[in-house]
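Descriptive analysis of the structure
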Amino acid sequence: MRYTRLGRDGPMISSIGLGTLALSGAYGPVDPGDAFDLIGRALDAGVSFVDTADQYDDGQVERLIGRAVASRREEIVIATRGSGTAQACEASLKRLGVDAIDLYYLRPQQDAPIEEGMSQLADLVKAGKIRHVGLSNGSLRQLREAHAVHPVAALAVEYSLWGLRAEPDLLAEVRQLGISVVAARPVGRGFLTGRIRSADQLTPGDWRHRDPRFQPASLRRELGPLREVEDVAARLDLGAGRLAIGWLLSQGEHVVPVPSTRDQVHLEMNLAASEVTLAPDIRDKLGLIFPPGAAGQSDSLLL
């Protein structure tokens, strides 16, 4: 596992983190014991960055993480997100069972100025409840407004070869400011692994049924570009999912993919991407395969 720094002056973290949406049951049922073991296996493999949210299974995933890392707290940087109120932060602290949250993302609220939420988080930093502040799904304007109130250490945004990506201007801004990019859904909710080729493969309660990109017509349209990715992966003797994560790592040390899985085999495959090195021409070619904005998603599926 390679390591990188969180923001300009944050802690060193693994270059690939562990996303935890899958542990909420979003992609199918999860046995709590298996979920607990998966977190432990990730830590054993060198993962030191765990990314979650207060809304995952109504806070149950935060509780799970708290139990799983309790005896290894000093090894782990925990990131979670919420509305930015003191009450939301206190609730996450209690569920995680920690005295301070290493990285707390503000999730912008439509009915509140972002400066208001950032001011509350700045107060929580002063109180020792939060160590670093992040922004979840912010626009370029919101990032600038937030950073003017308190330094933003990380921006969490969907970022992958497929579908919606972070705005180019936004990515340029975070690089200039020394802000880390936490790349959510780096394998496109499983699509970029090549394992999901039809909506019929999804279980009835799977969240991907609500994602327009997984509707039958959209999936059929995207299979052609996916085959191009698979061809590149085959020539490099890689799996497509591993290549997709490797592509993100090739964007710079400030980009930290956080793939989510509930399967230990897939976890091993994801983490193996830390060994992938791509030549610039291959990196650039991959970035052109899926046209930006070719597929959309509903607001309810944002981070």
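The paragraphs below set out a description of the structure included in this document. (Residues numbered from 1 in each chain as written. Predicted model: local features only at pLDDT ≥ 70, side-chain atom pairs only at ≥ 80, totals over all residues. Heavy atoms only, no water.)

**Some words on the overall build of the protein chain**
Each helix and strand counted, the protein chain has 10 helices and 10 strands in total. Expected size for 303 residues packed as a compact globule is a radius of gyration near 19 Å; at 18 Å, the protein chain falls within 12% of this value. In terms of overall dimensions, the protein chain has C-alpha extents of about 50 × 40 × 35 Å along its principal axes. Each of the 303 residues in the protein chain was classed as buried or not, and the buried ones make up 56%. Long-range pairs, those at least 24 residues apart, make up 75% of the contacts in the protein chain with a sequence separation of at least 6. (Helix = DSSP H or I, 4+ residues; strand = E, 2+ residues; numbered from the N terminus. Rg over C-alpha atoms; globule rule 2.2 N^0.38 Å. Buried < 20%, exposed > 50% of the residue type's maximum accessible area, 1.4 Å probe, protein only. Contact = heavy atoms within 4.5 Å.)

**Some words on the sheet that holds strand S6 (residues 101-106)**
Taken in spatial order, the eight strands line up as S3-S4-S5-S6-S7-S8-S9-S10 in an open sheet, and their pairing is parallel. Both edges of this open sheet fall to strand S3 (18-19) and strand S10 (255-257), since each of them pairs with a single strand only. Across the sheet, helix H8 (residues 240-249) lies against strand S9 (180-184) and S10, angled at about 160° from S10, the strand it touches most. (Pairing = 2+ DSSP bridges. Axes fitted to C-alpha atoms, helices over the stretch in contact; angles between N-to-C directions.)

**A look at the pairing of S6**
In regular strands, side chains alternate between the two faces of the sheet. With respect to burial, S6 is a largely interior element, six of its six residues being buried. With four bridges joining them, strand S5 (residues 77-82) and S6 adopt parallel strand pairing. Residue pairing for S6: Arg81 is matched across the bridge by Tyr105. Following the chain from S5 across helix H3 (residues 86-96) to the adjacent parallel S6, one finds a crossover that is right-handed. As paired elements, S6 and strand S7 (residues 130-136) share five bridges and run parallel to each other. (Right-handed = clockwise from strand over helix to strand, strands pointing away.)

**Brief notes about the pattern of salt bridges**
Should the charged atoms of two oppositely charged side chains come close, the side chains can pair. Counting across every chain of the model gives 20 salt bridges. With a closest N to O distance of 3.2 Å, Glu75 and Arg72 form a salt bridge. Of the residues examined, Glu75 reaches a relative accessible area of 45% and is grouped as partly exposed. Notably, a salt bridge pairs Asp284 with Arg283, separated by 3.0 Å at the nearest N-O pair. Looking at Asp284, the relative accessible area reads 42%, which means it is partly exposed. Arg283 sits in the partly exposed class, given a relative accessible area of 26%. (Salt bridge = Lys/Arg side-chain N within 4 Å of Asp/Glu carboxyl O.)

**Topic: the packing of helix H1 (residues 32-44) against helix H2 (residues 60-69)**
Contact pair H1 / H2: the axes reach a minimum separation of 10 Å and the direction vectors enclose 55°. In terms of axis orientation, H1 runs oblique to H2. Considering only the axes of H1 and H2, their crossing is right-handed. In this structure, H1 uses Pro32, Ala35, Phe36, Ile39 and Leu43 to contact H2, whose residues at the interface are Leu64, Ile65, Arg67, Ala68 and Val69. For the contact of H1 with H2, the per-class residue count stands at nine nonpolar, no polar and one charged. (Parallel < 35°, antiparallel > 145°, perpendicular 65-115°, else oblique. Left-handed = near helix turned anticlockwise from the far one by under 90°. Nonpolar A, V, L, I, M, F, W, Y, C, P; charged D, E, K, R; others polar.)

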